[in-house]
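Per-entry structural report
Here is how the chains run, residue by residue.
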Amino acid sequence: MTKDKEANNDRRTFLRQTATATLAGTVPIGSRAFGAVGIAVVAATSANNTHAADTSPASAPFTGYQFLGPLEATFVETMVNIMCPADQYTPNGVDCGLANYIDRQLAGAFGQGEGRYMRGPWKQGKPQLGYQLPLTPAQFFMAGLGAASDACTRKYGKSFDQLSAADANTFLQDLQANKYADPRVPLASWFNDLIYPLFVQACFADPMYGGNNGKTFWKLVGYPGLPATHTIDMVQYRGKPYPGAKDPKSIVDFS
Amino acid sequence: MATKLDKRTIVIVGGGLTAGLVARQLTAKGIEVLVLERGVDHRAGAGAKLPNQRDELRWDTRQGLIQNWAVQTYSLRHSSGEESLPVRWMEAFLPGEGMGGAANHWNGHTWRWAEYDPILRSHYETRYGKGIIPANMPLQDWGVTYAEMEPYHDLFEKLFGISGKAGNIDGKIQPGGNPFEAPRKNEYPQKPLEITEAGLIFKTAVEAMGYKPFPTPAGNSSGAYTNPDGQKLGQCQYCGHCERFICEAQAKASPEVLLYPMLLQRKGFEIRLRCHVLGLNYDKQGKRITGVRYVDLVTGTEYEQPADVVVLGAFTMSNTRFLLLDGVGKPYDPKTRSGVVGKNFCYQTYSGVAVFFKDRWINPFLASGSTGTVIDEFNNDNFDHAGLGFLGGGGIGAGVFNGRPIANRRVPPGTPAWGTKWKEANAAWYAHSFSVGAQGSCYPHVDNYLDLDPQYRDAYGQPLLRMTFDFRENEIKMSEWVTQKIGAITKAMAPDIMGPVAGRKAPFDTRQYQSTHVTGGTPMGADPGNSVVSPHLQHWDAENLFVVGASVYPHNSGFNPTGPLSALALRLGDDLVSYTQRPRML
C-alpha cells in the first residue's frame with residue numbers, strides 16, 4: 001500500500017511539474033497533450049484539496065491509464081473533478097479514482113461490448129427500445145468525446161479543461177439536458193446513458209474496480225459493504241444507526 | 001447433420017425451477033429424466049462464494065448471471081403497426097442461465113394467487129355481469145381450480161421452506177396474515193422474516209387506516225430448515241444480495257440448493273450442461289414430438305435426442321419461441337384474433353412513491369430479498385370495481401430488499417445529479433428513505449403478444465422472439481388508481497419529504513428494471529380454440545409435449561409468479577408419472 005501511495009504521489013508531482021513546465025513553455029511539442037492533463041489536474045485538485053489530508057483517500061494503486069489517451073484523460077479528469085469536486089464530503093474525482101474506474105471499464109469487457117446484441121441491420125427507434133448504435137461502449141465514448149469537445153469549443157471558444165468550474169458544470173448540465181445538437185452523435189444519450197452511469201458506478205462500486213478510493217463514497221452514505229452477516233443486526237439495529245456503516249469493508253479487504 | 005442419440009423417456013428443455021420440480025416427482029417413481037441446460041453449474045463459482053458474491057457491479061449492474069444478450073435477445077415494438085428493434089441490452093427483465101435458471105437469482109417472494117385467479121373470467125362475469133370484460137381483454141379461465149392446486153402449493157412451500165404467516169387456514173381468517181389469502185390447509189413451514197424499520201412505519205400507518213398488513217411470504221429462510229427430502233437451508237443473513245445474486249449462505253430457497261444436488265444423487269436423473277436446445281422435431285401428422293435438437297457448446301457437435309415425452313421447462317419467452325420455431329400449434333394473429341401460440345403475453349405494472357424520514361434509520365442494507373410488509377386490500381378484485389373503468393389491482397407494500405449503493409439510493413426530488421449538493425443529499429438520505437410500491441396486475445390485451453421477428457436473428461441463426469407489448473388503457477388506469485391509494489398511505493406516514501405520486505405510464509421502457517415477471521405466450525385452458533396447452537399442460541397439437549412455467553398463465557396477477565407455476569410443475573410431475581404408464585390426452 002505504501003508503495004502504491006508513493007507511486008500515486010509521484011505521478012501527481014510529475015503532473016504538476018509537467019504542467020508548470022508547459023505553462024513555462026519549456027516542454028517539447030510532443031509532450032503538449034500530456035501537459036494538458038497536468039493542467040486539468042492542477043486546476044481541479046490543488047486549489048481545493050484540503051480534504052485529502054485527513055482521509056488518505058488516494059490509496060488505490062494508480063498504474064497508468066489503459067484506454068484513455070492524453071486528450072481523453074484530460075476531458076475525463078476535468079469532468080470527474082467537476083462532478084465530484086473536493087469538498088467537505090470527499091476528495092476530488094480524480095483522487096477518488098473516478099477517472100481510473102472509467103478508464104478500466106472502457107478498456108475491459110464492458111467497453112468492448114460484452115453481452116450486447118450487436119447484429120444488424122442498424123436502425124434508430126424510440127428511446128425506450130434502448131441503445132441502437134453499431135458502436136461498442138468504448139467506440140461510442142470516443143465518438144461522443146469528440147463531439148462534446150467540438151460543442152464546447154463552439155460554445156465557449158476554448159477546450160473543456162480550460163473552462164472555469166462554473167462554465168464546465170453548466171456545459172455538463174446542458175449536455176445532460178440535450179441542449180447540444182451534434183449532426184451525428186446523440187450527445188444527450190452519450191452523457192446520460194454512458195457517461196453518467198459510469199460516474200455513479202465509479203463512486204459506488206467496490207474499490208476493487210479502481211474507483212471509490214478508500215471506500216470514500218460508502219463511508220459518505222454509510223453503506224457497510226461486506227461481509228454482511230446481519231441476522232442479529234437486523235433486530236439489534238432496526239431503527240438505529242448501524243456502527244459498521246462507519247468502517248465499510250470491501251472485497252479488497254477479504255482478498 | 002445431427003448425431004442421433006439413444007431414445008430417453010422424458011427430456012426436459014431448460015434446467016431451472018420447473019424442470020427440477022417435475023424431475024423430483026418423476027425420479028421418485030423411478031422414471032428416468034434427462035434435462036438439457038445451456039448454462040453451467042454455478043455452485044462452485046465466484047457468484048456463489050465470498051467475497052466476490054457481494055459484487056454489485058459484476059452480478060447486478062453487469063448482469064453476471066443473466067442470459068447473454070449477445071447470443072440471444074428479444075425484439076420489441078409497442079403495437080403491431082410499428083417496426084420492431086432488437087433490445088440490445090435488456091434491463092427490464094432478467095432471464096437466468098445455468099442449472100437452477102432464474103430461480104437462482106430471484107428475490108424469494110412466494111405467493112399463492114387469489115382463489116379466483118384460475119377462474120378469473122368467470123369470477124368477473126359472475127360478480128359484475130357479462131359486459132364487464134372489454135372485448136380487447138382476452139381473459140380466460142385456466143381449466144384448473146385453486147382447490148386442485150392447493151396440495152401442490154402446500155408441497156412446494158414445504159420443499160422450499162417458505163417463511164410467512166397464514167391469513168386463511170381452511171376458511172378461518174388468521175390474525176397477522178393476509179385476510180384475502182386463498183384458504184390453505186397448513187400454516188407456512190417457517191415463521192416470517194424479521195420486519196424492517198420501513199415495514200414498521202408502513203404497518204403503523206395502514207393499521208390506523210383499517211387495513212391488514214402482513215409479511216411477504218418469503219423463500220429467504222427465516223431459520224435453519226430441513227425440507228421433507230432432507231435438503232437443508234441455512235438461516236438468512238439479511239445481507240441484501242438476493243435478487244440478481246446466488247445466496248452463498250444457501251439460505252435462499254433455490255433449485256441449485258434444494259433440488260439439483262438431490263436429483264444428481266438419484267438413479268435415472270441426468271442433466272447435460274452447456275447444451276443449447278435449437279428446436280423440437282415435430283411429427284405434425286402423428287401429432288407428436290419425436291425428439292429435441294441441441295448443440296453441445298463444449299464440442300460444437302449437434303445432436304438429435306429422441307424422447308418418449310418432451311417437457312418445455314425453459315424461461316417464459318423460450319417456451320413460446322420453441323413452439324413458433326418448429327410450427328407446433330397455430331401462431332396467434334392479432335388481426336383475426338385467431339391462433340394461440342404467443343397469445344396473452346403479459347408483464348407486471350409497477351409504481352411506487354419514495355418517502356424520506358430524517359429521524360428514522362431505515363438501514364436498507366439490513367434486508368433480504370423478501371423483507372416486505374404488504375396489504376392486499378387493493379389487489380386484483382379484492383375491492384369493488386363497479387364504475388372504476390378498469391379491472392385488476394396491485395398489492396401495496398413497503399419492501400426494503402437491499403441497500404446496494406450503485407442502484408439503490410434515493411435522493412429527494414430536485415436534487416442535482418452530481419456535485420456537492422448531490423453528495424450532501426446522498427449522505428443525508430441513503431439510510432433514511434424507502435419506497436412504498438405496488439406490484440400491479442397486467443391483464444391480457446389483443447395487441448400484446450409474441451411472435452418471431454421477421455428480421456433479427458440470434459447467434460445460432462434462429463429468429464429472435466418479438467414482443468409486441470405496451471401498457472394499455474386498462475393497466476394505466478389501474479396503476480393510477482392504485483398509486484393514488486399509495487399516495488394516501490405515504491401521506492399518512494407523515495414523511496419529511498415525499499416523492500411524486502404517479503402511476504405507471506406507457507410506453508414500456510426496456511431500459512428500466514421492473515421485474516422478471518413476463519408471463520403468457522403458451523396459455524393454458526380447457527378450450528383448444530384459445531389455449532396452447534390443456535389444464536394438464538399438455539399441448540393440444542402434440543400429445544407427448546408438455547409446457548410448464550409462467551408461459552402458461554393466461555393473465556398476470558398482482559403477485560410474483562413463482563408460487564402457482566411451482567404448484568403446476570409438481571402437479572405435472574405426477575401427471576407425467578401417469579402418462580408414461582398410459583400415454584393419452586390427460
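Residues numbered from 1 in each chain as written. Chains lettered and ligands numbered in written order. Predicted model: local features only at pLDDT ≥ 70, side-chain atom pairs only at ≥ 80, totals over all residues.

Glancing now at the overall build of chain B. Of the regular secondary structure elements, chain B holds 11 helices and 24 strands. On C-alpha atoms alone, chain B measures out to a radius of gyration of 23 Å, which is about the 25 Å that the 2.2 N^0.38 rule sets for 586 residues. Counting only C-alpha atoms and orienting by the principal axes, one finds that chain B spans roughly 70 × 55 × 50 Å. In chain B, buried positions account for 61% of the 586 residues. (Helix = DSSP H or I, 4+ residues; strand = E, 2+ residues; numbered from the N terminus. Rg over C-alpha atoms; globule rule 2.2 N^0.38 Å. Buried ≥ 20, exposed ≤ 12 C-beta atoms within 10 Å, placed from the backbone.)

Our focus in this paragraph is the overall build of chain A. Looking only at helices and strands, chain A features 10 helices and 0 strands. Order of helices (α) and strands (β) in chain A, N terminus to C terminus: α-α-α-α-α-α-α-α-α-α. Taking all 255 residues of chain A together, the buried fraction comes to 47%. Of the contacts formed within chain A by residues at least 6 apart in sequence, a portion of 65% connects residues at least 24 apart. (Contact = placed C-beta atoms within 7 Å.)

This paragraph deals with unusual backbone geometry. Residue Pro227(A) is bonded to the preceding Leu226(A) through a cis peptide linkage, with omega at -10°. Mapped onto the elements of the fold, Pro227(A) is located in the loop between helix H9 (216-221) and helix H10 (233-236). In this model, Leu50(B) is joined to Pro51(B) through a cis peptide bond whose omega is 5°. Looking at the element boundaries, Pro51(B) is found in the loop between strand S3 (33-36) and helix H2 (56-61). Phi angles above zero are rare outside glycine, and Arg274(B) is one such case at about 55°.

On to the sheet that holds strand S17 (residues 372-375) of chain B, then. Residue and element names in this part refer to chain B. Pairing is antiparallel across the open sheet formed by 6 strands, whose spatial order is S8-S17-S18-S19-S16-S22. Because the sheet does not close on itself, it has two edges, and the strands there are strand S8 (214-215) and strand S22 (497-498). Sheet analysis places strand S16 (residues 349-356) next to S22, joined by 2 bridges and oriented antiparallel. Paired with Phe356 across the strands is Ile497, a residue of S22. (Pairing = 2+ DSSP bridges.)

With that settled, the discussion passes to helix H7 (residues 165-176) of chain A. All names here are of chain A. Over its 12 residues, H7 extends 17 Å from the first C-alpha to the last, a length consistent with the 16 Å expected when each residue adds 1.5 Å. Every buried residue of H7 is accounted for by Ala168, Phe171, Leu172 and Leu175. One side of H7 carries all its buried residues, which in axial view fall inside an arc of 95°. At its buried positions, H7 is contacted by helix H4 (70-83), helix H6 (137-156) and helix H8 (187-204). (Expected span 1.5 Å × (residues − 1). Arc of directions from axis to C-beta.)

The next thing to look at is the environment of Ile489(B). All names here are of chain B. Looking at the secondary structure, you find Ile489 in helix H10 (residues 473-492). In this structure the C-alpha to C-alpha distance between Ile489 and Ala428, which are 61 residues apart in sequence, comes to 23 Å. Look past the residues within four positions of Ile489 in its chain and what remains in contact with it is Ala205, Val206, Met209, Ile396 and Val436.

What follows deals with the nonpolar core. The tendency in soluble globular proteins is for nonpolar side chains to be buried as a group. The biggest cluster of nonpolar side chains holds 228 residues, and the ones touching the most others in it are Leu98(A), Ile10(B) and Val22(B). If one sorts the elements of this core by residue count, H8(A) sits on top with 10 residues. Domain assignment of the residues forming this core places at least three in each of domain 1 (2-113 + 132-214) and domain 2 (222-255) of chain A. Every residue in contact with Leu98(A), bar those within four places of it in the chain, is listed here: Val80(A), Cys84(A), Gly93(A), Phe199(A), Ala202(A), Cys203(A) and Gly211(A). (Core = buried A, V, L, I, M, F, W, Y, C linked by C-beta atoms within 7 Å. Domains from an automatic or database assignment.)

Another point: the interface of chain B and chain A. Taken together, the contacts link 55 residues of chain B with 55 residues of chain A. Those elements that provide at least two residues to the side of chain B that touches chain A are H2, strand S5 (85-86), helix H9 (420-429) and strand S20 (449-457) of chain B. Taken together, the residues of the side of chain B that touches chain A break down into 26 nonpolar, 15 polar and 14 charged. (Nonpolar A, V, L, I, M, F, W, Y, C, P; charged D, E, K, R; others polar.)

Turning our attention to the environment of Phe315(B). One can find Phe315(B) in the loop between strand S14 (301-312) and helix H8 (316-325). C-alpha separation for the pair Phe315(B) and Glu97(B), spaced 218 residues apart in sequence, amounts to 9.5 Å.

Residues and elements named next belong to chain A. Relative orientation of the contacting elements H4 and H7 amounts to 95°, with a least axis distance of 10 Å. When the axis of H4 is compared with that of H7, the two are roughly perpendicular. Note on element contacts: H7 touches H4 through Ala165, Ala168, Asn169 and Leu172, opposite Thr78, Met79, Ile82 and Met83. A class-by-class count of the residues in the contact of H4 with H7 yields 6 nonpolar, 2 polar and no charged. (Axes fitted to C-alpha atoms, helices over the stretch in contact; angles between N-to-C directions. Parallel < 35°, antiparallel > 145°, perpendicular 65-115°, else oblique.)

So, on to the pairing of S14(B). All names here are of chain B. Pairing geometry for strand S1 (residues 3-4) and S14, over 2 bridges, is parallel. Each residue of the ladder has a partner; that of Thr3, found in S14, is Tyr303. Where strand S2 (residues 8-13) and S14 come together, 5 bridges link them in parallel fashion. Looking across to S14, one finds that Ile10 is bridged to Val309. Of the strand pairs in this sheet, strand S13 (residues 288-296) and S14 are connected by 6 bridges, and their pairing is antiparallel.

Residue and element names in this part refer to chain B. With respect to topology, 4 strands assemble into an open sheet ordered S5-S4-S21-S20, the strand pairing being mixed. The open sheet has two edge strands, S5 and S20, and neither has a second partner. Sheet analysis places S20 next to strand S21 (residues 463-468), joined by 5 bridges and oriented antiparallel. Counterpart to Arg457 in the pairing with S21 is Pro463.

Turning our attention to the confidence of the model for chain B. Per-residue confidence for chain B averages 98 on the pLDDT scale, and 100% of its residues sit at or above 70. Listed scores for the predicted complex are pTM 0.93 and ipTM 0.96. (pLDDT = per-residue confidence, 0-100.)

All names here are of chain B. End to end, helix H4 (residues 146-159) covers 19 Å across 14 residues, agreeing with the expected 20 Å (1.5 Å per residue, within 8%). Of all the positions in H4, only Tyr146, Met149, Tyr152, His153, Phe156, Glu157 and Leu159 are classed as buried. At the exit of H4 stands Gly161, carrying a positive phi of roughly 55°.

All names here are of chain A. Where H6 contacts H8, the two axes come as close as 9 Å, and the packing angle between them is 125°. Judged on the interaxial angle alone, H8 and H6 are oblique. H8 is crossed by H6, and the crossing has left-handed handedness. Across the interface between the two elements, Pro137, Phe140, Phe141, Gly144, Ala147, Ala148 and Ala151 from H6 touch Leu187, Trp190 and Leu194 from H8. (Left-handed = near helix turned anticlockwise from the far one by under 90°.)

To continue, consider the environment of Ala177(A). Tracing the backbone through its elements, the reader meets Ala177(A) in the loop between H7 and H8. When the C-alpha atoms of Ala177(A) and Tyr65(A) are compared, they prove to be 30 Å apart, with 112 residues separating the residues in sequence.

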